[in-house]
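Chains, contacts and geometry: an overview
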Amino acid sequence: MKRLKHILHTIYSGPWYKRLLVWTLTIIIAIALLFVAIDVNLLWLFGRSPSLHQIENPVTSEASEIYSADSVLLGRFFNENRTPVTFEEINPLVIRTLIATEDERFYKHHGVDFAGLFAAIKDIIKGQPRGASTITQQLAKNLFRVRTQYSTGLTGKIPGVKILVMKAKEWIVATKLEMTFSKEEILTMYLNTVDFGSNSFGIKTAARTYFGTTPDSLDYLEAATLVGLLKATSSYNPRLHPKASQHRRNIVLQNLYNQGGIILNGQKATPQQFDSLLAQPTRCVDHVEESSYDGLAPYFRTQLQDYINDLCDQGLIGGPTNERLDLYADGLRIYTSLNSHLQRYAEDAAREQMRVLQQRFDDHWRGQNPWQDRYHHEIPHFIEDLAKRTTYYKYLSKRFPEQPDSVDYYLNQPHRVKLFSYDGPIYRDISTMDSIRYMVSILHCGFVAIEPDTRYVRAWVGDIDFDSWKYDKVTAMRQPGSTFKLFVYAEAMNKGLNPCDRRMDAWSSYTDTIDGKPKQWAPHNANGTFSGANMTLKLAFAQSINSIAVKLGYEVGIRDIIRTAHQMGIQSELEPVPSLSLGASDVNLLELVNSYCTVIDEGNYQAPVMVLRIEDRDGHTIFEARPEKKHALSRRSAFFMQQLLRGGLTQPGGTTAALWQYIHPVLDKAEFGGKTGTSNNHSDAWFVGVTPKLVAGGWVGGEYRSIHFRTGQLGQGSRTALPIFGKFIQRTLLDPRFSCYYAHFPGAPEGVLKSEYECAATIFPEDTMQMDSFALEGIPLDDAGQLDEPIEDILMEEPTDSL
């Protein structure tokens, strides 16, 4: 101990200059050791810091981009709306403006500007406080959140020490960044990570958000405006505070001018040119703040998250660890199966048809409320019960506990409300109760189109307006009605029957479970009568005869039908009851349309494909779709089912006859078929249309099953859902870009006789629409062979197909 004291005395004694030097070195060494202790979190006193590996491989939250199969950007997933750029993609004047304003000695320091630090301390003493953080220090904060993400350990609990520890970490990280990256790389990372306000992170998003341009095209005014935002993204927002923004912009320009950074026509700007520049206003583009919901096909993009998570769970993405991807931060490039042109055709067709249907619905119920039970009695307290689910009701109930009168009073007070309309959002001063009455009276739809051979989902319409209703009707569970007969007849074909076999259309009763109790159940046909005819299965399917469908169900076995339905593509649970043959169990539109694809793809099942390829932020492919086919139906059964689907158009009284008016212009390009479906009380209306290369289906109904048309003439699938398919397929096939869908159904497989599937008179309308063959159907012609009525009216006069 005495020896140690002697050594210290020797070191710290002597002339004053020696003592000064020793004390200076001691302080420097102590600070260095302190920084090392902070960096390694000695004794857990200072909290963890970013590792060298993390600093060398920084990861920022980056938006994932979603592309269509035809390379159109559909939208983005993001928490922070950021898309990175390279140094070469940034206009040099942006770099000069940034350095002149934020860190004029950027190229002279190594992460920490000590000269600037001492100058800042001097200004603080003078009562003029300012920041002294370098661009590299700001980058350290942006990349690693050293003030929030990384703790300050035990010392952070000491008042005043926490800020010193955090500042020390910023210096350490900044120094390591300078040792790891070039100045150009640091500037690029900074401009890619910084927040410019208006949910715009990074220079690329900011340039697009404020000025509708790209970083390489920014001019001095735009660059100065964006750099000025860095001081206060709200206070200097050019849209919210244009005067303050322009004042800040001019300060930035003045700094740049003073440093000779404004170059015009290859020379430094003159005072006159500079004054002219300052006088110009800042012009921003009209732009709504971006969200993850912006873009084409929002319902489809919303479903992608679950779809990709399922791929991760199956071990198809994520490498050895099979970690789930963060679509909102991982900067992925997701290439989907959707086609942007087909998506627009689908959205347009759905919106056009639903606008017409809504007008019919409003006229149909004028003067009455549409929420009625099966006996056409208004459901009591229907709106009141819906109101209790709203956030506003819960807020009022919390504010006025045990005071229902007060809650009711405010629910019925008029206030400004945004409502949906087909001409765009409308604003009215009405009560919450009236707004609920208005919105629940709106009809809804879903539509999806899939290629049967690849199972690529080419179009997806989840509803009429994503801003108003986020619930996707493509995946909503509803009763499929007669569209489910596909599986009944498919199992019949599996059991050896063929389209020309016959069954009697006659009354029968069956034991079923209704409302939880065993009862005798007798299905009825849509027209309420039984013909007594011994008709072919082809005709029975075309006319959607319920009595024969139920008989077939009993004959082939309900459980076998369920098995076949699941093999063909139905994923939902199906209840083994007689009414299943008429579509009593809920399914969703996606699985139903995909099951129809199994028939068209010669009996092969595949899962729907929504994503073709996924690349990580570095451009490496981490997933590529490799769908596998499974045998679900024999080639014979699939062929017979194709003939039945076509029979809806060609057989007398087929429920799909209304499709003729849409496909007439494209009859030379493809062959068609389909099946309508309508559930009890016309609550759910369906149509699935098929061609050899494209299958699509639609659903139409109310948000609640009690909201529906009262008659089959208005509410059946052929009147509501079929026209959506008709408009869509007509526009698709008239577009030469989709000549790949021009095709005919394949011929009969070996061993199948023509007499097994060609067994009834058919109708093939001529291009002139002067068709003697229509007389076979009872369609009136005048003496000259012309139609007595417009073809649109005649073709809609087909039997209904309700359950």
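Quick caveat: nothing in here was measured; it's all calculated off a predicted structure.

Looking at the confidence of the model for the chain
Detailed reading of the predicted model is not advised wherever pLDDT is low. Summarising the model, the chain shows a mean pLDDT of 86, and 86% of its residues fall at 70 or more. Counted against residues more than four places away or in other chains, residues 761-800, with its pLDDT under 50, gives 67 contacts.

Examining the state of the cysteines
Taken as a whole and assessed by the stated rule, the structure comprises one disulfide. Note that cysteine 500 is cross-linked by a disulfide to cysteine 759, the S-S spacing being 2.2 Å. Between cysteine 500 and cysteine 759 the sulfur-sulfur dihedral comes to about -95°; the bridge is accordingly left-handed. One end of the pair, cysteine 500, is in the loop between helix H19 (485-494) and strand E10 (502-504); the other, cysteine 759, is in the loop between helix H28 (722-734) and helix H29 (791-795), and 259 residues separate them in sequence. When its relative accessible area of 15% is taken as the criterion, cysteine 500 is described as buried. Given the relative accessible area of 23%, cysteine 759 is considered partly exposed.

Considerations on the packing of aromatic side chains
Evaluated as defined, the whole model comprises 25 aromatic pairs. Arranged with centres 5.8 Å apart and planes meeting at 90°, the rings of phenylalanine 382 and tyrosine 704 form a pair that is edge-to-face. With phenylalanine 382 in helix H15 (residues 382-387) and tyrosine 704 in the loop between strand E20 (695-702) and helix H26 (712-715), this residue pair connects regions lying 322 residues apart in the sequence. Take phenylalanine 382: its relative accessible area is 12%, and that puts it in the buried class. For tyrosine 704, a relative accessible area of 24% translates into the label partly exposed.

Some thoughts on the nonpolar core
Counting 147 residues, the largest nonpolar core has Trp460, Tyr489 and Phe728 as its most contacted members. For tryptophan 460, the contacting residues outside a window of four places in its chain are Tyr299, Phe300, Gln303, Leu338, Gln343, Phe447, Val448, Asp472, Val474, Thr475, Leu590 and Met610. Core analysis: the next-biggest nonpolar cluster, separate from the first, contains 47 residues, Val94, Leu98, Ala207 and Ala223 among them.

Comments concerning the side chain of serine 337
For serine 337, the position within the fold is in the loop between strand E5 (333-336) and helix H14 (340-364). Within the local environment of serine 337, its side chain forms a polar contact with the backbone oxygen of valine 609, the two atoms lying 2.8 Å apart. The residues contacting serine 337, other than those within four sequence positions of it, are Ala69, Tyr456, Val457, Arg458, Val609, Met610 and Leu612.

Some details on the packing of helix H6 (residues 135-144) against helix H8 (residues 183-193)
Running from amino to carboxyl end, H6 crosses H8 at an angle of 50°, the nearest separation of the two axes being 10 Å. Our classification of the angle between H6 and H8 gives oblique. Considering the relative orientation of H6 and H8, their crossing is left-handed. Facing Ile135, Thr136, Gln138, Leu139, Asn142 and Leu143 of H6, the residues of H8 in contact are Ile186, Leu187, Met189, Tyr190 and Thr193. Broken down by class, the residue content of the contact of H6 with H8 amounts to seven nonpolar, four polar and no charged.

Brief notes about the pattern of salt bridges
Considering all chains together, one arrives at 30 salt bridges under this definition. The salt bridge partner of arginine 333 is glutamate 62, with a shortest N-O separation of 3.4 Å. On the criterion of sequence distance, the pair formed by arginine 333 in strand E5 and glutamate 62 in the loop between helix H3 (52-56) and strand E1 (64-67) is long-range, its members being 271 residues apart. Neither residue differs from the other here; arginine 333 and glutamate 62 are each classed as buried. Salt bridges sharing partners connect three or more residues here, namely Glu62, Glu65, Arg76, Arg333 and Arg617.

Some thoughts on the packing of helix H4 (residues 92-102) against helix H11 (residues 242-258)
For the pair H4 and H11, interaxial distance at closest approach is 8 Å and the crossing angle is 95°. If you check the angle between H4 and H11, you find them roughly perpendicular. For the pair H4 and H11, the contacting residues are Arg96, Thr97, Ala100, Thr101 and Glu102 in the first and Arg248, Val252, Asn255 and Leu256 in the second. In the contact of H4 with H11, the residues fall into three nonpolar, three polar and three charged.

Concerning the sheet that holds strand E8 (residues 443-450)
The strand order across the open sheet formed by five strands is E9-E8-E20-E19-E18, and the pairing between neighbours is antiparallel. The strands lining the two open edges of the sheet, one partner per strand, are strand E9 (457-461) and strand E18 (673-678). In this sheet, neighbouring strand axes are inclined to one another by 10° on average, regardless of whether the strands run parallel or antiparallel. With eight bridges connecting them, E8 and E20 associate as antiparallel partners. For alanine 449, the partnering residue across the bridge sits in E20 and is alanine 696. Helix H24 (residues 635-650) contacts E18 and strand E19 (684-690) of the sheet and is inclined by roughly 80° relative to E18.

Thresholds applied
Residues numbered from 1 in each chain as written. Predicted model: local features only at pLDDT ≥ 70, side-chain atom pairs only at ≥ 80, totals over all residues. Heavy atoms only, no water. pLDDT = per-residue confidence, 0-100. Contact = heavy atoms within 4.5 Å. Disulfide = S-S within 2.5 Å. Helix = DSSP H or I, 4+ residues; strand = E, 2+ residues; numbered from the N terminus. Buried < 20%, exposed > 50% of the residue type's maximum accessible area, 1.4 Å probe, protein only. Phe/Tyr/Trp six-rings, centres within 6.5 Å; stacked < 30°, edge-to-face > 60°. Core = buried A, V, L, I, M, F, W, Y, C linked by side-chain atoms within 4.5 Å. Polar contact = N/O pair within 3.5 Å; in protein donor to acceptor, adjacent residues only side chain to side chain. Axes fitted to C-alpha atoms, helices over the stretch in contact; angles between N-to-C directions. Parallel < 35°, antiparallel > 145°, perpendicular 65-115°, else oblique. Left-handed = near helix turned anticlockwise from the far one by under 90°. Nonpolar A, V, L, I, M, F, W, Y, C, P; charged D, E, K, R; others polar. Salt bridge = Lys/Arg side-chain N within 4 Å of Asp/Glu carboxyl O. Pairing = 2+ DSSP bridges.

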